[in-house]
Each structure stands twice: as structure tokens, then as C-alpha cells.
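Chain by chain, the residues run as shown.
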Amino acid sequence: MKRFVAILTLLALALAAPGILTHGPRSTPKIALTFDADMTPGMKQNLLSGRVKSYNNTRIYAILEQQQVKATFFLTGMWIELYPQQAKALAQNPLFELANHSYSHPGFEQPCYGLPSVTLEGQGLVQAKEAQVRKTQALLESLGVHNTYFRFPGGCANPSDVAMVERLGLRVVHWDAAGEDGGQHNPQVIVRNVLKQAQNGSIIVLHSHGGPKVPATAEALAQIIPALKARGFEFVKVSELLTHNQ
Ligand SMILES: [Zn+2]
């Protein structure tokens, strides 16, 4: 009996910790396009030194507006600080929704695709991780955005990181269809990656920061949108996809 109660307790705990969301309902042809705007200290240095001209791929916004397609942008806090006018314009555009992608895009768990570790700056590790979330929440609030979603850089997190984000009142939203546009110069590869994975309820991840690492995202997007529309998918924001809170 004692063991039975213990199992029930574990089950209840598992249900109470919903964890990482990677898609919406599979029953309806709704799909969410999401774009991450990364910004690491190294990227910021590239920008300030002039090595990279821009980490703001404006062609993506233009295509989405032209096609009247809704999208959700997961912004890093440092990106918001470097592109305040663009961030404000995105926040004010009714087609778009903004969410939290950490402050400086560290890997919360290592290894994480070569991303730097969370810097402690005199705090403990948990506090430093929390600060990564809180700082960007504050920046989003300053844009008038009351966001409730967080995406880990590189998708790298352990269960205690997920619990921390949930403690701060946010849901972790990752993806089930990755364009793998990082470093991809051939738009056809990105198009193929997305189209082979997209299904009802999918959350597609691409990148909107541009720069030398994602040169073909906009070209791919121009093909992905009509192809998915032709398959009967409706593009919605993440909040519209996840309305049932699954
Ligand atoms: Zn990212």
C-alpha cells in the first residue's frame, strides 16, 4: 500500500511538472513559425568591431509582413539592447509575438554546441541562470510585452533548469521541426528540413539574427510559407497554438 501511494505521488508530481513543450495539438492543421534572435558576447564583439555588419535579418520581417504570416520571435536580452528600435517595432506589430530566449545566449547545460557557459558574475549558478531569464523578462516588459514563454539557447537544459523557468512563471517552449539554418548557405536544405518535419501542431524553429551564420534563412522562408500554405496549414502565434495548455 505504501509503495502504491508512493507511485501515485510520483505520478502526480510528474503531471504537475509539465516540462518542455515541443508542439501543439496534432488534431488541427495549425503551425507556429518561430525565430530565435541570438546574441552572445562574441557576436556583440563582432558587431561592435565591425567584423559583422548586422545581426538583424530584416528580410525575414518583410517576407512575413508581405505574406501576412504570424510568427513568434524568441529574443535574447542583449539583442533587444542592441536593436531597441527593431525590438519595439516587432512588439508593436500585431502579426508578431515576442518571447524570452535568455539574456546572452549561454548553454545552461554543457556541452551545448560550443555556446559559452552561464557567467556567474559573483552569484551562485542558480541565481546566474535566473538572472538570464529575469533580465530579458524585464526588457520585454519595457516593450509592453507580458511574455510567458522561454526557450533555452540550443535547447540545452537539465530538469532543474526547466523547474527554475517554471518557478519564474514561464513555460518552456522548444520545437519539433528544426530548419537547421545555422551555418546553412543552401536555402533548399533548410526548406527540405522544415517540410519533412512539419505536421499539425508543429513549432518550427529558424533564426532571425542573420549575420554570417544564417545567410539562407530568408530565401528558405520565401519558399517554406507558400509550400506549407499549399498543404493547408494555418500559421498562428505560439500562444494561439498552445491555448489548451497541454
Ligand atoms: Zn538560440
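The preceding data block contains the structure.
Reading guide: rules and limits
- Residues numbered from 1 in each chain as written.
- Predicted model: local features only at pLDDT ≥ 70, side-chain atom pairs only at ≥ 80, totals over all residues.
- Heavy atoms only, no water.
- Phe/Tyr/Trp six-rings, centres within 6.5 Å; stacked < 30°, edge-to-face > 60°.
- Helix = DSSP H or I, 4+ residues; strand = E, 2+ residues; numbered from the N terminus.
- Buried < 20%, exposed > 50% of the residue type's maximum accessible area, 1.4 Å probe, protein only.
- Lys NZ or Arg CZ within 6 Å of the ring centre and 35° of its normal.
- Polar contact = N/O pair within 3.5 Å; in protein donor to acceptor, adjacent residues only side chain to side chain.
- Contact = heavy atoms within 4.5 Å.
- Arc of directions from axis to C-beta.
- Disulfide = S-S within 2.5 Å.

Novice: Just to check I follow, could you spell out the packing of aromatic side chains for this structure?
Specialist: Note on aromatic pairs: each is described by the distance of the centres and the angle between the planes. The full count for this structure, using the stated rule, is 7 aromatic pairs. Relative to F96, the ring of F73 lies with its centre 5.1 Å away and its plane at 80°, an arrangement referred to as edge-to-face. Within this pair, whereas F73 is found in strand 3 (residues 71-75), its partner F96 is found in strand 4 (residues 96-100), the two being separated by 23 residues in sequence. Each member of the pair F73 and F96 is classed as buried. Among the aromatic side chains, those forming a connected cluster through ring pairs are F35, Y61, F73 and F96. Stacked on the ring of Y103, the Lys or Arg K135 has its end atom at 4.0 Å from the ring centre. The ring centre of F74 lies 4.0 Å from the NZ or CZ of R151, which sits over that ring.

Novice: Help me out: how do you make sense of the side chain of H207 in this one?
Specialist: Within the secondary structure layout, H207 lies in strand 8 (residues 203-207). A polar atom in the side chain of H207 sits 2.7 Å from the side chain of D181. Beyond its immediate stretch of four places on either side in the chain, H207 contacts F35, D36, D38, I60, D181, V214 and T217.

Novice: Even after reading the chapter, I still don't get helix 2 (residues 41-49), so can you show me in this structure?
Specialist: Three or four residues apart is the spacing at which side chains of an α-helix point the same way, because the helix has 3.6 residues per turn. Along helix 2, the positions that sit buried rather than exposed are M43, N46 and L47. Taken down its axis, helix 2 places every buried residue within 95° of arc, on the same side. Summarising the contacts, the buried residues of helix 2 are in contact with helix 4 (77-82). The positive-phi residue at the C-terminal boundary of helix 2 is G50, with phi of around 85°.

Novice: So what exactly am I meant to see when it comes to the state of the cysteines here?
Specialist: Chemically, a disulfide is nothing more than a covalent bond linking the sulfur atoms of two cysteines. Counted according to the given criterion, the structure contains 1 disulfide. Two residues, C112 and C156, share a disulfide whose sulfurs are 2.1 Å apart. Judged by the sign of its S-S torsion, about 85°, the bond between C112 and C156 is right-handed. With a gap of 44 residues between them, C112 in the loop between strand 4 and helix 6 (125-142) and C156 in the loop between strand 5 (149-150) and helix 7 (159-167) connect regions that are remote in the sequence. The buried category is assigned to C156, whose relative accessible area is 10%.

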